[in-house]
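The chain contents come next:
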Amino acid sequence: MKFLHTADWQIGMKAVHVGAAGEKVRRARLESARRVVEAAGSCGAGFLLLSGDTFEDNGVDRALVQRVADILAGSPAPVYVIPGNHDPLVPGSVWDHPVWEELEKVRVLREPEPVEIPGGVLYPCPIREKHSRKDPTAWIPDRAGSGIRIGVAHGTVEGMPQADPDHPIPRDACRRAGLDYLALGHWHSTAFYPDPEDGAPRTAYAGTHETTRFGERDSGNALCVEVAAPGSPPKPTPLRTGCLTWLSLQEAVTREGDLARLRAFLEKLEAPESTLVEVRLTGLLTGSAQAEWTRLTEILASRFLHHRLDVRDWRPAPQDDGWLEGLPQGVLREAALQLREQATPEAAGSVAASPEVAPAVAAQALLELYTMARGGKP
């Protein structure tokens, strides 16, 4: 048996965290959905499993529901979908759209009951509420009959760092139910959970098909899964489906040339128009690095789909404090002095403790003032 495992498309997410790039990020999720369907064909999958959260929520535009259905209808193999906690099976949900009854190859699994598939049985665990403390896989009966047994569920594997269990799934759920593979959704990183007895990767998160934010580890994939026979160890192979690159960099500026090296690295990146990058700078900005700082900000702003520059832990060098004295007497100098305090709360008094200005915002404003004062651009 060979099939494609995918999850957490979250079509319709607003992507407000990337500002003006939000529309392109939303379109990329649809393009990546097409890539998933293409991957199912190229890897020779006998069917495609979508393990929940196909949509961001049940309030998405119904035209988007139609677009997703059209994409899935193009699959060369049958498609099985379960509702997740973002799009649970409730009255008025996206799953009430009439298109789901019109498609021959696409089947929304609405009940926790066995589904016969070529070579085995599928055990779906559809979600009916956004939050729950119940194990969605608890209903699956122990091994009975013959054939390969595949579970498809949406929830949090036991041991994940979560204060309140959300659709909790025990680590031994796969072995307890006699499953050959448990296809999970809910967490956005591709992850495998070895069987405690034979080490086989019988439980896995495919991860989201397209990265949703900075900091997601190993996302933007689908899994092509092969199971040779009942009881055989599954062989899940990650396939890249994401369109966009999300890059996080941290640079400690401690010596001459550090900013230049960072700029050179960014300039060599391929496809910046489809790359979102966040840069966190620490250390000290000196007058000699001012030109590089200006060039760095220009490159980030002009070349990349989206950029985020975190300078909350970056400060004008103490030896350059003379620039403050060069500012005109009055409001401008007073503002600079207050920003310096607000940007370093640990050394601040009542002004920096004020909640009106966050340290990160104050640090950015201070750097811009510093650059202008030394004859550069903000």
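Let us look at the structure shown here. The structure presented is a predicted model; accordingly, all values stated were derived computationally and were not measured. Residue positions are given per chain, counting from 1 as you read along its sequence in written order. pLDDT decides what is reported in this predicted model: residues at 70 or higher carry local features, side-chain atom pairs at 80 or more are listed and counted, and totals for whole chains, interfaces and linings draw on all residues regardless. Side-chain measures here rest on the full set of heavy atoms in the structure, leaving out hydrogens and waters.

With that settled, consider the environment of Ala39. With respect to the secondary-structure elements, Ala39 resides in helix 1 (residues 22-42). Each residue gets one of three labels from its accessible area relative to the maximum for its type: buried under 20%, exposed over 50%, partly exposed in between, using a 1.4 Å probe on protein chains only. Judged by relative accessible area, which is 9%, Ala39 ranks as buried. As a C-alpha pair, Ala39 and Cys224 span 185 residues in sequence and 8.4 Å in three-dimensional space. Should any heavy atoms of two residues lie within 4.5 Å, those residues are considered in contact. Sequence-distant contacts of Ala39, defined by excluding residues within four places in its chain, comprise Leu4 and Leu239. Only DSSP runs of H or I covering at least 4 residues are called helices, and only runs of E covering at least 2 are called strands; the numbering of each starts at the N terminus.

What follows deals with the sheet that holds strand 13 (residues 221-226). With respect to topology, six strands assemble into an open sheet ordered 4-3-2-1-13-14, the strand pairing being mixed. Each end of this open sheet is capped by a strand with a single partner; those strands are strand 4 (106-108) and strand 14 (235-240). Here the strands of the sheet are splayed against their neighbours by 20° on average, with no regard to which way each runs. Note: strand 13 against strand 14, six bridges, orientation antiparallel. Pairing of Asn221 across the sheet is with Arg240, part of strand 14. Its contacts with the sheet place helix 1 against strand 1 (2-6), strand 2 (48-51) and strand 14, and it is angled at close to 165° to strand 1. Pairs of strands are assigned from DSSP output, requiring at least two bridges between the strands. Only the stretch in contact is used when fitting a helix axis, every axis being a line fitted to C-alpha atoms; angles between N-to-C directions are given from 0 to 180 degrees.

Coordinates in, geometry out; function isn't part of it.
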